[in-house]
Amino acid sequence: MIDLYYAPTPNGRKIKIFLEEAGLEYKVIPVNLAGGEQFKPEFISVSPNNKIPAIVDHEPKDGNGPISIFESGAILLYLAEKTGKFMPKNFSDREEAIQWVFWQVGGLGPMAGQFYYFNTYASEKIPYAIDRYRKEVARLYGVLNKRLEGKDYLAGEYSVADMICYPWIVPHESQGQSFEDSPNVGRWFNAIAARPAVKRAYE
Ligand SMILES: N[C@@H](CCC(=O)N[C@@H](CS)C(=O)NCC(=O)O)C(=O)O
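**Topic: the site of the ligand**
Neighbouring the ligand are 13 residues, the closest being Gln 38, Lys 51, Ile 52, Glu 71 and Ser 72. Between an oxygen atom of the ligand and a side-chain N or O atom of Lys 51, the distance comes to 2.6 Å. Taking 520 Å² as the accessible area of the ligand by itself, protein coverage stands at 77%. By residue class, the composition of the shell around the ligand is five nonpolar, five polar and three charged.

**Some remarks on the packing of helix 5 (residues 127–147) against helix 7 (residues 183–193)**
Contact geometry for helix 5 and helix 7: axes closest at 7 Å, N-to-C directions at 75°. Judged by the inter-axis angle, helix 5 sits roughly perpendicular to helix 7. Of the residues in helix 7, those in contact with Tyr 141, Leu 144 and Asn 145 of helix 5 are Pro 183, Asn 184, Val 185 and Trp 188. Residue composition of the contact of helix 5 with helix 7, grouped by class: five nonpolar, two polar and no charged.

**What about the nonpolar core?**
Of all hydrophobic cores here, the largest spans 53 residues; its most connected members are Phe 18, Ile 55, Leu 79, Leu 144 and Trp 188. Broken down by secondary-structure element, the contributors of at least two residues to this core are strand 1 (2–6), helix 1 (10–22), helix 3 (72–83), helix 4 (91–121), helix 5, helix 6 (160–169), helix 7 and helix 8 (196–201). Element by element, the count of residues in this core is highest for helix 4, at nine residues. Split by domain, this core shows at least three residues from each of two domains, domain 1 (2–83) and domain 2 (91–201). Residue contacts for Trp 188: discarding those within four places in its chain leaves Leu 144, Leu 148, Asp 152, Tyr 153, Leu 154, Asp 162, Cys 165, Tyr 166 and Ile 169. By size, the runner-up hydrophobic cluster in this structure holds eight residues, among which are Ala 7, Phe 43, Val 46 and Val 56.

**Quick look at the domain arrangement of the protein**
For the protein, the domain assignment lists domain 1 (2–83) and domain 2 (91–201). Taken together, the contact pairs 15 residues of domain 1 with 17 residues of domain 2. For the pair domain 1 and domain 2, the summed buried area comes to about 1,400 Å², and 72% of that belongs to carbon and sulfur atoms. Here domain 1 and domain 2 share two salt bridges between them. Here Glu 21 and Arg 195 are joined by a salt bridge, their closest N and O atoms 2.7 Å apart.

**So, the packing of aromatic side chains**
Taken as a whole, this structure holds 11 aromatic pairs when the rule is applied. Plain terms: the ring middles of Trp 100 and Trp 103 are 5.0 Å apart, the flat faces sit at 65° to each other, and that makes the pair edge-to-face. Linking Trp 100 with Trp 103, this pair stays in helix 4, spanning three residues, or about one helical turn. Overall, the relative accessible area of 17% leaves Trp 103 in the buried class. These aromatic residues form a ring-pair network of at least three members: Phe 18, Phe 86, Tyr 153 and Tyr 158. Here Arg 132 stacks its cationic end above the ring of Tyr 133, 5.6 Å away from the centre of that ring.

**Some points on a nonpolar patch on the surface**
Nonpolar side chains collect at one region of the surface, where Tyr 116, Tyr 117 and Tyr 121 lie side by side and expose about 370 Å² of accessible area between them. Of note, Tyr 116 is situated in helix 4.

**Some details on the environment of Ile 29**
Relative to the helices and strands, Ile 29 is located in strand 2 (residues 26–30). Along the primary structure Ile 29 and Tyr 5 are separated by 24 residues, whereas in three dimensions their C-alpha atoms are 4.8 Å apart. Look past the residues within four positions of Ile 29 in its chain and what remains in contact with it is Asp 3, Leu 4, Tyr 5 and Tyr 6.

**So, the pattern of salt bridges**
Within this structure, the stated rule accounts for eight salt bridges. A salt bridge links Asp 131 to Lys 135; the nearest nitrogen and oxygen atoms lie 3.0 Å apart. Of the two residues, Asp 131 and Lys 135 are both situated in helix 5; the distance of four residues between them amounts to about one turn of the helix. Looking at Asp 131, the relative accessible area reads 32%, which means it is partly exposed.

About the criteria used
Residues numbered from 1 in each chain as written. Predicted model: local features only at pLDDT ≥ 70, side-chain atom pairs only at ≥ 80, totals over all residues. Heavy atoms only, no water. Near = heavy atom within 4 Å. Polar contact = N/O pair within 3.5 Å; in protein donor to acceptor, adjacent residues only side chain to side chain. Areas by Shrake-Rupley, 256 points an atom, 1.4 Å probe, with all protein chains shown as cover. Nonpolar A, V, L, I, M, F, W, Y, C, P; charged D, E, K, R; others polar. Axes fitted to C-alpha atoms, helices over the stretch in contact; angles between N-to-C directions. Helix = DSSP H or I, 4+ residues; strand = E, 2+ residues; numbered from the N terminus. Parallel < 35°, antiparallel > 145°, perpendicular 65-115°, else oblique. Contact = heavy atoms within 4.5 Å. Core = buried A, V, L, I, M, F, W, Y, C linked by side-chain atoms within 4.5 Å. Buried < 20%, exposed > 50% of the residue type's maximum accessible area, 1.4 Å probe, protein only. Domains from an automatic or database assignment. Buried area = accessible area lost by both parts, 1.4 Å probe. Salt bridge = Lys/Arg side-chain N within 4 Å of Asp/Glu carboxyl O. Phe/Tyr/Trp six-rings, centres within 6.5 Å; stacked < 30°, edge-to-face > 60°. Lys NZ or Arg CZ within 6 Å of the ring centre and 35° of its normal. Patch = residues over 30% accessible without salt bridge, like charges linked within 9 Å, V, L, I, M, F, W, Y side chains within 5 Å.

Following this line, the structure appears as structure tokens:
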């Protein structure tokens, strides 16, 4: 059994997608971010950076009792290793998948997150900041679009690389992005959206 510390945000959805795709048994433990539950000591003992997602696997491979994992990229790599699923076996595809996982957690996630913050949440609207992050998000969509040219998936086969990027493309309209400018992203997005496990992760 896996406990998933979760809120319905793009970072939370990534892990739900994997768990649904792999058919793993899991229990959702909601973390109320607006209520500040991420700062509670019980949660910080699982996720020291006070952010969702995090998991506790009660039956890890080494048989040494429960293990907690934080950071969505690390969680997906852990789950891929545990199950032997959604990580390409082919050497170069595997290396590609890992690179796109890091690209998402180091690039698309933070830039789109900052855009959302300055464009939507910030009490003071700072055009310079809004513009900077919108342009950076647009640049990253361009990178993704180029990568997906002539390809169904980011790393050979459907993998953790696609699962980690997809939830950050779901809010493309509120990010000021259009699939007209990135048709390969649009095609890839629609194929992933149609997967039953992905639909379940968004129910
Ligand atoms: N790099 C982290 C980012 C996680 C993250 O930003 N989580 C947000 C929700 S989407 C959060 O928990 N925010 C609460 C806070 O910052 O207090 C990951 O990929 O897991």
